Amino acid sequence: QVQLVESGGGLVQAGGSLRLSCVASGRTFSSYTMGWFRQAPGKERDFVAYFSWNGGRTNYADSVKGRFTISRDNVKNTVFLQMNSLKPEDTAVYYCAARRYSTGIQANDYDYWGQGTQVTASS
């Protein structure tokens, strides 16, 4: 069982930056692909980025490429999402997710989820 706790959300003006963090419980963090998803009101939960469990591969949604960067620290069991040049359309609840020994860009690929953190970019 893995428990995930996100932090770092908030209100920022368009063009600003935020850094999200997600801390995972357990001793097997390095065996999990860590992903970020987001969900705006009335919309589905969409893929944002992942950092693979092996080889350090990253993958980003087209809408965030060049603006967001995912990273991880396996010693501290933490994954980060650095978000720059935020736009109003980035406003959503952001969720951290974990999937063991595989990758994926669909929400139902992931087995464990955090509670979410609100990000609001005002115009």
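Residues numbered from 1 in each chain as written. Predicted model: local features only at pLDDT ≥ 70, side-chain atom pairs only at ≥ 80, totals over all residues. Heavy atoms only, no water.

Chemist: Could you clarify how one ought to interpret the pattern of salt bridges in this entry?
Modeler: Across all of its chains, the model carries three salt bridges by this definition. The partner of Arg67 in a salt bridge is Asp90, and the shortest N-O contact between them spans 2.7 Å. With Arg67 in the loop between strand E6 (58-60) and strand E7 (68-73) and Asp90 in the loop between strand E8 (78-83) and strand E9 (92-100), this pair connects stretches of sequence that are 23 residues apart. Each of the two residues, Arg67 as well as Asp90, counts as buried. Members of the salt-bridge network, linked through shared partners, are Arg38, Arg67 and Asp90. (Salt bridge = Lys/Arg side-chain N within 4 Å of Asp/Glu carboxyl O. Helix = DSSP H or I, 4+ residues; strand = E, 2+ residues; numbered from the N terminus. Buried < 20%, exposed > 50% of the residue type's maximum accessible area, 1.4 Å probe, protein only.)

Chemist: How should the layout of surface pockets be read in this particular structure?
Modeler: To locate leftover empty space, one rolls a probe as large as a water molecule over the atoms. Its boundaries defined by the atoms lining it, the largest pocket holds a volume of some 160 Å³. If you trace the largest pocket, you find 13 residues lining it, with Arg38, Ala40, Lys43, Asp46 and Glu89 closest to the centre. Where the lining of the largest pocket is concerned, the elements lending two or more residues are strand E4 (32-39) and strand E5 (45-51). The class makeup of the residues in the lining of the largest pocket is four nonpolar, three polar and six charged. (1 Å grid on protein atoms, 1.4 Å probe; cavity = no way out; pocket = protein on both sides within 12 Å on 5 of 7 lines; lining within 4 Å. Points joined across faces, edges and corners; volume = space filled by probe spheres on them. Nonpolar A, V, L, I, M, F, W, Y, C, P; charged D, E, K, R; others polar.)

Chemist: Looking at this model, I keep getting lost on the sheet that holds strand E1 (residues 4-7). Mind explaining?
Modeler: Either a parallel or an antiparallel arrangement is found when strands of a sheet pair, and the pairing is made through backbone hydrogen bonds. Ordered by their spatial adjacency, four strands build an open sheet running E1-E3-E8-E7, and the pairing between neighbours is antiparallel. Two strands bound the open sheet, and with one partner strand each, they are E1 and E7. The average undirected angle you get between the axes of adjacent strands in this sheet is 15 degrees. The sheet contact formed by E7 and E8 spans six bridges and is antiparallel. Pairing of Ser71 across the sheet is with Phe80, part of E8. (Pairing = 2+ DSSP bridges. Axes fitted to C-alpha atoms, helices over the stretch in contact; angles between N-to-C directions.)

Chemist: Any chance you could explain the side chain of Asp90 here in plain terms?
Modeler: For Asp90, a relative accessible area of 0% puts it in the buried group. Leave out the neighbours within four places in its chain, and Asp90 touches Arg38, Arg67, Phe68, Ser85 and Val119. (Contact = heavy atoms within 4.5 Å.)

Chemist: Just to check I follow, could you spell out unusual backbone geometry for this structure?
Modeler: Among all residues save glycine, negative phi is the norm, and among peptide bonds the norm is trans. In the Ramachandran plot, Asn77 falls in the positive-phi region, its phi being about 55 degrees despite a non-glycine side chain. For Asn77, a relative accessible area of 14% translates into the label buried.

Chemist: How do you make sense of the environment of Asn84 when you look at a structure like this?
Modeler: The residue Asn84 is located in the loop between E8 and E9 in this model. Taking C-alpha positions, Asn84 is 28 Å from Ser25, a pair spaced 59 residues apart along the chain. For Asn84, the contacting residues outside a window of four places in its chain are Gly16, Ser17, Arg67 and Phe68. For Asn84, the side chain forms a polar contact with the side chain of Ser17, separated by 2.9 Å. (Polar contact = N/O pair within 3.5 Å; in protein donor to acceptor, adjacent residues only side chain to side chain.)

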